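What the coordinates show
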Amino acid sequence: MPDSVKIAIHGKVFNEEVKPYIKKVVDFLSSSNVELIVSQLFADKFKKAFPEYSNFRIFKKLFESDNVDYLISLGGDGTLLEAVSYVGPIETPILGINTGRLGFLATTPKNKIEKALSDLLNKNYKIDSRALIQLETDSKVFGNIPFALNEFAILKTDSSSMITVHTYVDGEYLNSYWADGLIVATPTGSTGYSLSCGGPIILPHSNNFVITPVSAHNLNVRPLIVSDQSVISFKIEGRSNKFLVSLDSKSHSVDSSIKMSVRKGDFKAKLITFDQMNYFDTLRQKLNWGLDLRN
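Criteria and thresholds
Sequence order sets the numbering: in each chain, residues are counted from 1 along the sequence as written. Per-residue local features of the predicted model are confined to residues with pLDDT of at least 70, and side-chain atom pairs are confined, for both listing and counting, to 80 or more; whole-chain, interface and lining totals are unaffected and use all residues. Side-chain numbers come from the whole structure's heavy atoms, not from hydrogens or water. Here the term buried applies to any residue with accessible area under 20% of the maximum for its type, exposed to any over 50%, and partly exposed to those in between, with areas from a 1.4 Å probe on protein chains only. Secondary structure counts use DSSP, requiring at least four H or I residues in a row for a helix and at least two E residues in a row for a strand, with both numbered from the N terminus. By definition, residues are in contact when any of their heavy atoms lie within 4.5 Å. Axes here refer to lines fitted to C-alpha atoms; in helices the fit is confined to the stretch in contact. Angles between the N-to-C directions go from 0 to 180 degrees. These descriptions rest on fixed angle ranges, namely under 35 degrees for roughly parallel, over 145 for roughly antiparallel, 65 to 115 for roughly perpendicular, and the rest for oblique. Put simply, a crossing is left-handed when the front helix is turned counterclockwise from the back one by less than a right angle, and right-handed when it is turned clockwise. Note on residue classes: Ala, Val, Leu, Ile, Met, Phe, Trp, Tyr, Cys and Pro are nonpolar, Asp, Glu, Lys and Arg are charged, and everything else, Gly too, is polar. The pairing test for Phe, Tyr and Trp rings, Trp by its six-membered ring, is centres within 6.5 Å, and the orientation test on the planes gives stacked under 30 degrees, edge-to-face over 60, and tilted for anything in between. Charge over a ring is defined by NZ of Lys or CZ of Arg lying within 6 Å of the ring centre and within 35 degrees of the ring normal.

Taken together, the buried positions of helix H4 (residues 113-121) are Ile 113, Ala 116, Leu 117, Asp 119, Leu 120 and Leu 121. Its buried side turned inward, H4 meets strand S1 (6-11), helix H1 (19-31), strand S4 (70-75), strand S5 (94-98) and strand S17 (260-273). Of the residues one or two after H4, Lys 123 is the one with positive phi, at around 60 degrees.

Let us now look at the side chain of Thr 157. Here Thr 157 shows up in the loop between strand S8 (151-156) and strand S9 (163-169). Residues in contact with Thr 157, not counting those within four places in the same chain, are Lys 242, Phe 243 and Leu 244.

Direction vectors running N to C along H1 and H4 enclose 30 degrees, while the axes themselves pass 10 Å from each other. Relative to H4, the element H1 lies roughly parallel. Between H1 and H4 the crossing geometry is right-handed. Residue-level inspection shows Tyr 21, Lys 24, Val 25, Phe 28 and Leu 29 of H1 in contact with H4, the latter providing Ile 113, Glu 114, Leu 117, Ser 118 and Leu 121. The residue inventory of the contact of H1 with H4, partitioned by class, reads seven nonpolar, one polar and two charged.

Turning next to the packing of aromatic side chains. Overall, the coordinates contain nine aromatic pairs when judged by the stated rule. Geometrically, the ring pair formed by Phe 46 and Phe 50 is edge-to-face, given 5.4 Å between the ring centres and 70 degrees between the ring planes. Here the basic side chain of Lys 250 rests over the ring of Phe 147, its NZ or CZ set 5.9 Å away from the ring centre.

Structural data, given as structure tokens:
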């Protein structure tokens, strides 16, 4: 084990149900002489729950100068997606410990916390590099974090009628989607919002995007897989001049004058996995493949 290890921790939910598992993480790392740095959103709850571990730094975003070796995400997939935003282009490896529900990305279960942390500190792990999707606009809608691990989405506002999304691939006209919205998902995001709208599951390193309409007006419009070397651009029309754009859990209201395109990100999200973990195992478990309720 290296002499000095610095680990960042991020979480959201801090109730009595998950507190013992968070304590298990903190106790293990503290006993291993790991230096902890905690996200600002998590820090207040963390200090109240563990006053004996109150001597730690707080971060709003991670920078290369922080010299953080790993980031541990405590929660579900939504928490891990936030962790990716904290890391950004410095590509700090992220370990997702699932104290939430589904856990396609946060794959370390609660009953394997100590084994996972031991393997982490002893460098018995693999890095699974996942492609990101990056938004380019004529205004900085998402500031310095215009990227997402799962998907980019254009959506009507709650009270507005259907919108029309004119879509272009590498400058060539593809289609005008009459729908409640449109999703462009990465392979990682293909098991998220896109899947719930009828999109296909794409294996993580397939080098593709999937374009999936949300509640399309025309039933013959289907999800489309395109190369992630393509640039996908959009023009929006609707009775309302306002609509929503989102990158994973981040969303903003914009008007139809904005120019937008998405492409593959310049950097990747590095997820920590262990030998006992397998993507196909995760799919079978989370989607209950092969499960017969009669048995």
